[in-house]
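One-letter residues, chain by chain:
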Amino acid sequence: MNTYGRKHSHTSSSHSISSDIRRMLFKGGAISNSFLTGICVDGPDVGSPRGIATFLAWLALLYLTWPYLALLLFPASSQAPTCESSRHLSSYSVTLPDTPDTKSISRIWLSLETTFKAYAPVPGSLPHEPFGDNKVFPAVEAIRNHTLVSKEDGRRTREKHALVVNELPEYPLNTFNGRGIIMLAGGRYNGYAATGLGMIRETGSSLPVEVWMKDKTEEKKGWCKELAKEGMVCRRLSDYIDVEFLKNGYQFKILTMLFSSFEQILFLDADNVPVRNPDKVFESKSFVDTGAVLWPDYWKHTGMPILPYVVGLTEQESEKFRPEQTVESGQIVWDKKRHWKVERGTYYTPGITVLMTYYYTLITQGWAGWGDKDTFPIALKALYEDYYMISQGLKTLFVNGTVEGIGMLQADPSNQKEYEPMFLHSNIIKWSPREFLCIGCSSDKHEPVELSFLEREDSSINRHLKEHRRIFNIEDMRKLNIDPEPLIWKSMEHNVCKSVWKNGDLCARVREHMSSAFGAELEVEKGVGMPFVSKCISRRFAFFLY
């Protein structure tokens, strides 16, 4: 069994040992008198001072050794999380990415930017007007007639689009190498990213990680230095381009993928937490065969009928994409070399959207998901490039005892036959100790919290936090053969108790919740120069195979 990144097995030998101890301490289900009194048959009288002292000494010894005896006396299928973080263990075998040649990579962008501007679509932008009722999926006629482009403008944009594709630069050799994980953080997303990065290591990943932010102002002081100890490095978009023109967060994702030093990338949103070791996605047949793995969103396409014509897939307006599922880009696996340009894939549509929101509206119109997410499959389709779309669908994870959603549970691409969860994109309830448990928090640019879930009576997890209950439904976890919640809390405990995110009140509240909800007993000591130095004693609680 793999529990919190460590393997445990209960062999017949361990069962034999525990049985022997039981026989020593118990007779017919009752504890022996000699053990209770703490003295042997010929020992001192129980009522004497010496007998009382011996009895108390036995009790003290039992108290100190009980956590270890309990594991032998009552072997469980799993154990509570230890307070000692396993996140540093994986980083020992991590080779950090090379220092990138920022000037060389910047020149690639300047070349792309020049091409994109020279062949801008007509018109330069399209109005982004929501459909009438954003809670009801729009009817076909509403989709067809929502945003209109003249035939002449469509023809001119189609020609410009073809010129963009033809003038894309060749893949730059000796610029990108290796594989790794990239996560987009910065500002208020730092708190979510801190939890997600911890989960990457807690689930056993040994891949190097790049943590991307817009510029230096978005970095938490001391955080990058701390991350380096875990095989992670910070990157700034401002080292590559002028970030002043970046007004929308959707633009950042595409640029981090382009500028990353890795050739093969697993991109994760800041609020995405892996529930199993994500490293194996690169070895999956899905990725090996295609070089690109995408995950589904909830709804079908709402793009304009002229879209297939503009990108060169049809000779006239078409409903070609209407039956297809849209993409959810909280996680993407991407091979830059295989999907760079014509006959090798491309960044052309994502690249154009960095400069012009024309394509966002062309692809999505006024429905949910306006942004980068569906530019990836459209770009691949337009150049007839292969990619793997997860076919097992996705599941919504709900707050225990409610119909309120937490996030999207996305499948493992390694298993093409049946659904197995791999990523929890927490797009509704995002995991941050500050947003969960802070009381009377002052404003923080890295974690701006007005009222925490603990303070908000209308929050779907308010009672769970007050009563120290699990947020995930344990029966749902058992069916899925996962239980990521204790690991997520363990990651948050590390952050608020042992890192630059340290906060005494939050540390105490997180540990109190862990103790009551999962059976992790944390004994806090005062230390010189450190407000909290922890010991952790494990107790039994239900946990499942990883």
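Residues numbered from 1 in each chain as written. Predicted model: local features only at pLDDT ≥ 70, side-chain atom pairs only at ≥ 80, totals over all residues. Heavy atoms only, no water.

Considerations on the side chain of Thr195
Alright, step 1. Mapping Thr195 onto the fold places it in helix H8 (residues 189-202).
Alright, step 2. On the accessibility criterion, Thr195 (0% relative accessible area) is buried.
Alright, step 3. At a separation of 2.9 Å, a polar atom in the side chain of Thr195 contacts the main-chain carbonyl oxygen of Trp431.
Alright, step 4. Every residue in contact with Thr195, bar those within four places of it in the chain, is listed here: Trp431, Ser432, Pro433, Ile488, Ser491, Met492 and Asn495. (Helix = DSSP H or I, 4+ residues; strand = E, 2+ residues; numbered from the N terminus. Buried < 20%, exposed > 50% of the residue type's maximum accessible area, 1.4 Å probe, protein only. Polar contact = N/O pair within 3.5 Å; in protein donor to acceptor, adjacent residues only side chain to side chain. Contact = heavy atoms within 4.5 Å.)

Side note on the sheet that holds strand E15 (residues 421-425)
Alright, step 1. The four strands are arranged E9-E15-E14-E13 in an open sheet whose pairing can be described as antiparallel. Of all strands in the sheet, those with a lone pairing partner are strand E9 (272-274) and strand E13 (395-398), marking the two edges. Here the average twist between neighbouring strands, direction ignored, is 30°.
Alright, step 2. Of the strand pairs in this sheet, strand E14 (residues 405-411) and E15 are connected by four bridges, and their pairing is antiparallel. Bridged to Met408 within E15 is His425. (Pairing = 2+ DSSP bridges. Axes fitted to C-alpha atoms, helices over the stretch in contact; angles between N-to-C directions.)

Topic: the state of the cysteines
Linking two cysteines covalently through their sulfur atoms gives a disulfide.
Alright, step 1. Overall, the coordinates contain three disulfides when judged by the stated rule.
Alright, step 2. Across a sulfur-sulfur distance of 1.4 Å, Cys438 and Cys441 are joined as a disulfide pair.
Alright, step 3. When the bonded cysteines of the protein chain are numbered from the N-terminus onward, they pair as 1-2, 3-4, 5-6. (Disulfide = S-S within 2.5 Å.)

Concerning the pairing of strand E8 (residues 264-268)
Alright, step 1. Counting buried residues along E8, five of its five residues qualify, which places the element largely inside the surrounding structure.
Alright, step 2. By the alternation rule, side chains of E8 split into Gln264, Leu266 and Leu268 and Ile265 and Phe267, which are all buried.
Alright, step 3. Here strand E5 (residues 179-184) runs beside E8; their pairing, made up of five bridges, is parallel. Of the residues in E8, the one forming a bridge with Gly180 is Ile265.
Alright, step 4. Across five bridges, E8 lies against strand E11 (residues 325-335) in antiparallel orientation. Bridging from a neighbouring strand, Leu268 pairs with Gln331 of E11.

Re the environment of Glu129
Alright, step 1. Tracing the sequence through the fold places Glu129 in the loop between helix H5 (102-118) and helix H6 (140-145).
Alright, step 2. Distance from Glu129 to Thr147, taken between C-alpha atoms, is 8.3 Å for residues 18 residues apart in sequence.
Alright, step 3. Those residues in contact with Glu129, other than ones at most four positions away along the chain, are His146 and Gly366.

Section: empty space enclosed by the protein
Alright, step 1. What the rule picks out here adds up to five cavities of 30 Å³ or more.
Alright, step 2. When the residues that make up the lining of the second largest cavity are grouped by side-chain class, the tally is five nonpolar, three polar and three charged. (1 Å grid on protein atoms, 1.4 Å probe; cavity = no way out; pocket = protein on both sides within 12 Å on 5 of 7 lines; lining within 4 Å. Points joined across faces, edges and corners; volume = space filled by probe spheres on them. Nonpolar A, V, L, I, M, F, W, Y, C, P; charged D, E, K, R; others polar.)

Side note on the packing of aromatic side chains
Alright, step 1. Under the definition given, this model contains 20 aromatic pairs.
Alright, step 2. With 5.5 Å between their ring centres and 80° between their planes, Trp431 and Phe472 make a pair best called edge-to-face. In this pair, Trp431 sits in the loop between E15 and helix H16 (433-437) while Phe472 sits in the loop between helix H17 (462-466) and helix H18 (474-480), placing the two residues 41 residues apart along the sequence.
Alright, step 3. On the basis of relative accessibility, which here comes to 0%, the residue Phe472 falls in the buried class.
Alright, step 4. Among the aromatic residues, those joined into a cluster by ring pairs are Trp431, Phe436, Phe453, Phe472 and Trp489.
Alright, step 5. Above the face of the Tyr419 ring, Lys395 is positioned so that its terminal group lies 4.8 Å from the ring centre.
Alright, step 6. Sitting over the ring of Tyr192, Lys430 keeps its end group 5.9 Å from the ring centre. (Phe/Tyr/Trp six-rings, centres within 6.5 Å; stacked < 30°, edge-to-face > 60°. Lys NZ or Arg CZ within 6 Å of the ring centre and 35° of its normal.)

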